[in-house]
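Given next are the chains, with one letter for each unit.
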Amino acid sequence: MYTRKFYLRRGTSRHDERVAILKQKVVIRAIVERHRRVLLLRRHGGRPSIAGLYELPGGSLHRGEQPTDALKRSLQIHAGIFPESIRLRDVVSFIDPDDRELQYIFIVYEVGLPEGASRVSLDDEYDHYTWKTLSDIQHKTVTNSTAALLNIGIEQGDDSDLILDGLKNDVKNATFTIYSDGGSRGNPGPSAAAFIIMDGDSNIVDQGGKFLGESSSGMAEYIGVELALEKALELGVKNIELRSDSLMVVNQLNGLFTVKNREFWSVHSRIIRLTAQFQRINFRHIHREYNRVADGLVNKILDENEEK
């Protein structure tokens, strides 16, 4: 498996102190669907937290290997499947509960099979397979990462009585959506960052922002993410999907792009440390038109500070 290590730095001088190491593993997963049912493979062994549980087919990404080539190789070896079509669906960050210093980057593809092809041939890593509709998949039967990739909620107990802004939710188990944004008038120039936190029913749970003074748009985007994660942890939220219209920030936080600009090193390291406190976190890029609420809050903060 292709593993990378990221050092979290304190300070930005050439004498930076390396204070922690975040290991990162890149894994390919496939959503193979037939008649609205998804293919799941049951692990024959492995560590206790995944042994005997079902997961999406796929495998590791080898150094220098293209993700689609890794997908084809893994599907052939583990399930005897030869895909007819492959389409990128998502890139998801996932912190391993067994190792809080291990971050998985899942590259998820939707896979189509040739007409009439339904046979699955398992290798020694798996002992059973099944086709399930999403509504029939129970969280306790699949690995935590599979539940995260398929957005399957954790079953709540009878004592789920936490209250957040008048809404009854088990915030530790529910998945929340966060929209973050940042902007600069001048780049660099007067800047602001903002965020919106929404529950599963699209109700706004919390929102906030901050005037940053003179800064760059990139820094403002990063600060928006940091403010959002801090507030989510303060509320007790443990599962989030954070959406941003900054492709640079999303890809850097997903580990797909290297953070070359020293200006971002400190805030990037702080955000990575925050992500380790979540059970499940997914950074997703969205187009600007789908981020209008957070964008509007940024502009409101900028307008208010121009008037002072």
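Structure: see above.
Here is what the cut-offs are and how they apply
- The numbering scheme is per chain: residues are counted from 1 as the chain's sequence reads.
- Where totals are concerned, whole chains, interfaces and linings use all residues; where local detail is concerned, this predicted model gives features only for residues with pLDDT of at least 70, and gives and counts side-chain atom pairs only at 80 or more.
- Computation of side-chain values covers all heavy atoms of the structure but excludes hydrogens and water.
- Where helices and strands are cited, they refer to DSSP runs of H or I of at least four residues and of E of at least two residues respectively, numbered from the N terminus.
- Burial classes follow relative accessibility: with a 1.4 Å probe on protein chains only, a residue under 20% of its type's maximum area counts as buried, one over 50% as exposed, and anything between as partly exposed.
- For this analysis, a polar contact is any N or O atom pair within 3.5 Å, provided that within protein one partner can donate a hydrogen and the other can accept it, and provided that sequence-adjacent residues contribute only side-chain to side-chain pairs.
- Between any two strands, at least two bridges found by DSSP are needed for them to pair.
- Each axis is a line fitted through C-alpha atoms, and for a helix only the stretch in contact is used; angles between axes span 0 to 180 degrees, taken between their N-to-C directions.
- Contacts are assigned to residue pairs with any non-hydrogen atoms lying within 4.5 Å of each other.
- The salt bridge definition used is simple: a Lys or Arg side-chain nitrogen within 4 Å of an Asp or Glu carboxyl oxygen.

**Q** Please explain the environment of Asn-254 as it appears in this structure.
**A** The residue Asn-254 is located in the loop between helix H4 (247-253) and helix H5 (265-275) in this model. A relative accessible area of 2% places Asn-254 in the buried class. Among the polar contacts listed, one links the side chain of Asn-254 to the backbone oxygen of Phe-283, at a separation of 3.1 Å.

**Q** For this particular structure, what's the right way to read H5?
**A** By the criterion of burial, H5 is predominantly enclosed, with 8 of the 11 residues buried. Residues of H5 that are buried: Trp-265, Val-267, His-268, Ser-269, Ile-271, Ile-272, Leu-274 and Thr-275.

**Q** Sorry, what's going on with the sheet that holds strand E11 (residues 175-184) here?
**A** Pairing between sheet strands relies on hydrogen bonds along the backbone, with the strands arranged either parallel or antiparallel. Spatial ordering of the open sheet is given by E13-E12-E11-E14-E15, a layout of 5 strands whose pairing is mixed. Each edge of the sheet is formed by a strand with only one pairing partner; in this case those strands are strand E13 (204-215) and strand E15 (280-285). Adjacent strand axes in the sheet meet at a mean angle of 15 degrees, parallel and antiparallel pairs treated alike. Sheet topology places strand E12 (residues 189-198) next to E13; 10 bridges connect them, and they run antiparallel. When the bridges of E13 are listed, Phe-195 appears paired with Gly-208. Sitting on the sheet, helix H6 (residues 292-306) touches E11, E12 and E13, and the angle it makes with E12 is about 140 degrees.

**Q** Would you mind showing me how to read the pattern of salt bridges here?
**A** Side chains bearing opposite charge may pair, as long as their charged atoms lie close to each other. A full pass over the atoms with the stated rule returns 15 salt bridges. Ionic pairing is found between Arg-43 and Glu-55, a salt bridge with its closest N-O pair at 3.2 Å. Here Glu-55 lies in strand E4 (residues 54-55) and Arg-43 lies in strand E3 (residues 37-43), a separation of 12 residues in the sequence. Pair check on accessibility: Arg-43 and Glu-55 agree, each one buried. Where Arg-284 meets Asp-90, a salt bridge forms, and the shortest distance between an N and an O atom there is 2.3 Å. Note that Arg-284 is positioned in strand E15 and Asp-90 in strand E6 (residues 85-95), a separation of 194 residues in sequence. Here the salt bridges do not stand alone but share partners, grouping Arg-29, Arg-43, Glu-55 and Glu-125 into one network.

By themselves, these are just geometric observations and shouldn't be taken as functional.
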